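# A closer look at the structure
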Amino acid sequence: MLTEDQVRDYVEHGFVTVPNLMPESVLAPVEAYLLRNQDVTWSHKNDDPLREAHYRHREVWDACTFPPLLDCVEALLGPNLVLLYAHILNKRPGGLRVAWHQDGPYWGRVEPKIAVTAWVALDDSTPENGCMRVIPGSHSGHRDLGQRPVAEPDLIQSQPFELPAEVFDPSRAVDLSMRRGDVSFHDSYLVHGSEPNRSDRRRAALTIRYVPPSTRITHTSDRRQFLVRGEAPENGNVYFEFGA
Ligand SMILES: O=C(O)CCC(=O)C(=O)O
């Protein structure tokens, strides 16, 4: 659960960090999954075993639906929660940056694009190994700031976009240094990114996206969404069961 102060921080700044939320009993199976799958070669991102592993892999599902994690998301989004996406971000030594971006504009099939991302640290994460960086308050007004295609390769996107420096102030960036098991929550319009991993230590995280079921979600055959808490109105959204 989040305190009232933490919820206020999230609303004001667009993010909040909660120390020590995820126990080893939840992290260790995800870690084992990552180690088993990190060297699998894939050509289309839908075949990447580190993306959407919660569809069929119990250890990742259990992390995405861990009740104390959902309690925090509930404090931010309300009692009804849909699990939309999950991705293990494995930034190894030498690993790529993530360009400054907002998440919402990447999500063509959800409307409105009001989501909470839970970023679960699987490693201690610092400026040296490319921790998350955020621009506090940049979510304000939920405005799409207009990211543009860029050529520089990116850890997450094969066709990355980046926000031009004139639409935000990079000098206000805050590093989210975190310990394994800490979780940060961020708003889908918060400007954020990360530097390359310039250390010899891995920086892995499980990033999980949740929306309320009042969100209209266009169903596509390669994506699954799950009602993980509460109930959903009849609005045409399609929900799946784990493993089905
Ligand atoms: O892990 C990173 O460096 C960036 C993650 C990110 O952009 C996200 O989770 O939305």
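A quick note: this is a predicted structure, and the numbers were derived from the prediction, not measured. (Residues numbered from 1 in each chain as written. Predicted model: local features only at pLDDT ≥ 70, side-chain atom pairs only at ≥ 80, totals over all residues. Heavy atoms only, no water.)

### Concerning the sheet that holds strand β2 (residues 81-91)
An order of β1-β10-β5-β12-β2-β14 is seen for the six strands of this open sheet, with the pairing classed as antiparallel. A strand with exactly one partner marks an edge of an open sheet, and here the two such strands are β1 (15-18) and β14 (226-229). For this sheet, the mean angle separating the axes of adjacent strands, direction not counted, is 30°. Direction of pairing for β2 relative to β14: antiparallel, over a ladder of three bridges. Paired with Leu-83 across the two strands is Phe-226, which belongs to β14. Where helix α2 (residues 24-37) meets the sheet, its contacts fall on β2, β5 (116-121) and β12 (203-211), and the angle it forms with β2 comes to roughly 55°. Contacting β2, β5, β10 (183-187), β12 and β14, helix α4 (residues 67-77) runs over the sheet at an angle of about 50° to β12. (Pairing = 2+ DSSP bridges. Helix = DSSP H or I, 4+ residues; strand = E, 2+ residues; numbered from the N terminus. Axes fitted to C-alpha atoms, helices over the stretch in contact; angles between N-to-C directions. Contact = heavy atoms within 4.5 Å.)

### A closer look at the nonpolar core
Here is a general trend for soluble globular proteins: nonpolar side chains tend to be buried in one another's company. Counting residues in hydrophobic clusters, the biggest one holds 41 residues, and the most contacted among them are Met-22, Leu-69, Ile-88, Phe-185, Leu-206, Ile-208 and Tyr-210. Per-element accounting of this core gives the leading share, six residues, to α4. Judged by nonpolar contacts, the second largest core, of 12 residues, contains Ile-156, Met-178, Leu-190 and Ala-205. (Core = buried A, V, L, I, M, F, W, Y, C linked by side-chain atoms within 4.5 Å. Buried < 20%, exposed > 50% of the residue type's maximum accessible area, 1.4 Å probe, protein only.)

### A short note on the pattern of salt bridges
Taken as a whole, this structure holds 19 salt bridges when the rule is applied. Here Arg-180 ties to Glu-31 by a salt bridge, and the two come within 3.0 Å at their closest N and O atoms. One end of the pair, Arg-180, is in the loop between β9 (174-175) and β10; the other, Glu-31, is in helix α2, and 149 residues separate them in sequence. The exposure class assigned to Arg-180 is partly exposed, which follows from its relative accessible area of 25%. Among the residues examined, Glu-31 registers a relative accessible area of 16% and is labelled buried. With a closest N to O distance of 3.2 Å, Arg-209 and Asp-103 form a salt bridge. (Salt bridge = Lys/Arg side-chain N within 4 Å of Asp/Glu carboxyl O.)

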